[in-house]
Amino acid sequence: MLERAALLDPMMTGASNAFGAIVLIAAGVYQWTSLKEICLKNCQAPFAFIQRHGGFRRDARGSLLLGVRHGAYCVGCCWTLMALLFVGGVMNVLWIAAITIFVLLEKVVPVGRLISRIAGVGFVAGGGWVLLRSAT
């Protein structure tokens, strides 16, 4: 659908500067939201999450539901970062590695929330720069 709308090329790289800028700005703004903070907090400490929700489950259904619940927090934490793949290219290995390293730092380093917010400012600035550059 995005390719038919001329927002992505056949290699799944952003074909529209405006689309790329909007994705960057949206990712940057999301880094500052309370939803991001809640999701990151739950995703950073999986054992604490499991303990807060009754501990490990013996039954398959309970285990699956606990995993789905925790996974939802992790998706909530990183969905806009995954959307950045459309800016740099879904098949661009360097871009994938950069996003992976960023997600790892955000989740593992004790100052992960600070890293998120600094990156958010950078994403918004980058999106603004792309918009200004495409306007000239």
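Let me begin by describing the structure that accompanies this report. (Residues numbered from 1 in each chain as written. Predicted model: local features only at pLDDT ≥ 70, side-chain atom pairs only at ≥ 80, totals over all residues. Heavy atoms only, no water.)

**Quick word on the nonpolar core**
Stated precisely, the cut-off is as follows: To qualify as a nonpolar core, a set must consist of buried Ala, Val, Leu, Ile, Met, Phe, Trp, Tyr and Cys residues joined through side-chain atoms within 4.5 Å. Think of it in three bands: with a 1.4 Å probe and only protein chains considered, a residue is buried below 20% of the maximum accessible area for its type, exposed above 50%, and partly exposed in between. Labels follow the DSSP assignment, with helices taken as runs of H or I lasting at least four residues and strands as runs of E lasting at least two, numbered in each case from the N terminus. Two residues form a contact once any of their heavy atoms are found within 4.5 Å.
Counting 19 residues, the largest nonpolar core has Leu-81, Leu-84, Ile-99 and Phe-123 as its most contacted members. Contributing elements (two or more residues each) for this core: α1 (17-30), α2 (34-44), α4 (60-83), α6 (93-108) and α7 (112-135). Of all the elements, α1 adds the most residues to this core, at five residues. Filtering out sequence-adjacent residues up to four positions away, Leu-81 remains in contact with Gln-31, Lys-36, Ile-99, Phe-102, Val-103, Glu-106 and Phe-123.

**Some points on α1**
To keep things clear, this is the line we draw: Given the number of residues in a helix, its expected span is that number minus one, multiplied by 1.5 Å.
Compared with the 20 Å implied by 1.5 Å per residue over 14 residues, the 20 Å span of α1 between its first and last C-alpha is a close match. If you check which residues of α1 are buried, you get Phe-19, Gly-20, Ala-21, Val-23, Leu-24, Ala-27, Gly-28 and Tyr-30. Contacts from the buried residues of α1 go to α2, α4, α5 (85-88) and α7.

**Some words on the state of the cysteines**
In a disulfide, the sulfur atoms of two cysteines are held together by a covalent bond. The cut-off we apply is this: By disulfide we mean two sulfur atoms from cysteines, separated by a distance within 2.5 Å.
For the coordinates displayed, the defined rule picks out one disulfide. Through a disulfide, Cys-43 is tied to Cys-74; the S-S separation comes to 2.1 Å. Judged by the torsion about the S-S bond (105 degrees), the Cys-43/Cys-74 disulfide is right-handed. Residue Cys-43 is found in helix α2, and its partner Cys-74 is found in helix α4; the two are separated by 31 residues along the sequence. For Cys-77, which is in no disulfide, the shortest distance to another cysteine sulfur is to Cys-78 and amounts to 3.7 Å. Given a relative accessible area of 0%, Cys-77 falls into the buried group. Classification of Cys-78 as buried rests on a relative accessible area of 7%.

**So, α2**
An α-helical segment advances 3.6 residues per turn. Residues three or four places apart therefore align on the same side. Test applied: What the arc measures is the spread of directions leading from the helix axis to the C-beta atoms.
Within α2, the full set of buried residues consists of Lys-36, Cys-39, Leu-40, Asn-42 and Cys-43. The buried residues of α2 occupy an angular sector of 165 degrees when projected down its axis, which confines them to one face. Along α2, the residues that are exposed and aim more than 90 degrees away from the buried face are Ser-34 and Lys-41.

**Some points on a nonpolar patch on the surface**
We count it as follows: Every patch collects residues that have over 30% relative accessible area and no salt bridge, joining them within 9 Å if they carry like charges and within 5 Å if they are nonpolar side chains (Val, Leu, Ile, Met, Phe, Trp, Tyr). The Shrake-Rupley method, run with a 1.4 Å probe sphere, supplies the accessible areas, and residue values consider only the shown protein chains as cover. Should a side-chain nitrogen of Lys or Arg be within 4 Å of a carboxyl oxygen of Asp or Glu, the pair is scored as a salt bridge.
A surface patch of nonpolar side chains, about 280 Å² in accessible area, is lined by Val-111, Leu-114 and Ile-118. Assignment of secondary structure puts Leu-114 in helix α7.

**Here we look at the environment of Asn-92**
This is how the line gets drawn: Polar contacts, as counted here, are pairs of nitrogen or oxygen atoms within 3.5 Å of one another; within protein the pair requires one atom able to donate a hydrogen and one able to accept it, and residues that are adjacent in sequence qualify only if both atoms are side-chain atoms.
Summarising the element assignment, Asn-92 is placed in the loop between α5 and α6. Looking at Asn-92, the relative accessible area reads 32%, which means it is partly exposed. Along the backbone, Asn-92 and Gln-31 are 61 residues apart, and their C-alpha atoms lie at a distance of 23 Å. Within the structure, Asn-92 has its side chain in polar contact with the backbone nitrogen of Leu-94 (distance 3.0 Å). Separated by 3.1 Å, the side chain of Asn-92 and the backbone nitrogen of Trp-95 make a polar contact.

**Observations regarding the packing of α1 against α4**
Selection criterion: Under this scheme, a helix contributes an axis fitted over its contacting stretch, all axes are lines through C-alpha atoms, and angles between N-to-C directions fall in the 0 to 180 degree range. Angle categories are assigned with fixed cut-offs, so that under 35 degrees is roughly parallel, over 145 is roughly antiparallel, 65 to 115 is roughly perpendicular, and the rest are oblique. Crossing handedness is read from the near helix: turned anticlockwise from the far helix by less than a right angle, it gives a left-handed crossing, and turned clockwise, a right-handed one. Only Asp, Glu, Lys and Arg are considered charged, only Ala, Val, Leu, Ile, Met, Phe, Trp, Tyr, Cys and Pro nonpolar, and every remaining residue, Gly among them, polar.
Packing of α1 against α4 leaves a shortest axis separation of 8 Å and a crossing angle of 160 degrees. What the angle tells us is that α1 and α4 run roughly antiparallel. When the axes of α1 and α4 are compared, the crossing they make is left-handed. Together, Val-23, Ala-27 and Tyr-30 of α1 and Gly-76, Cys-77, Trp-79, Thr-80 and Ala-83 of α4 make up the contact between the two elements. Residues of the contact of α1 with α4, tallied by class, amount to six nonpolar, two polar and no charged.

By themselves these figures say nothing about function.
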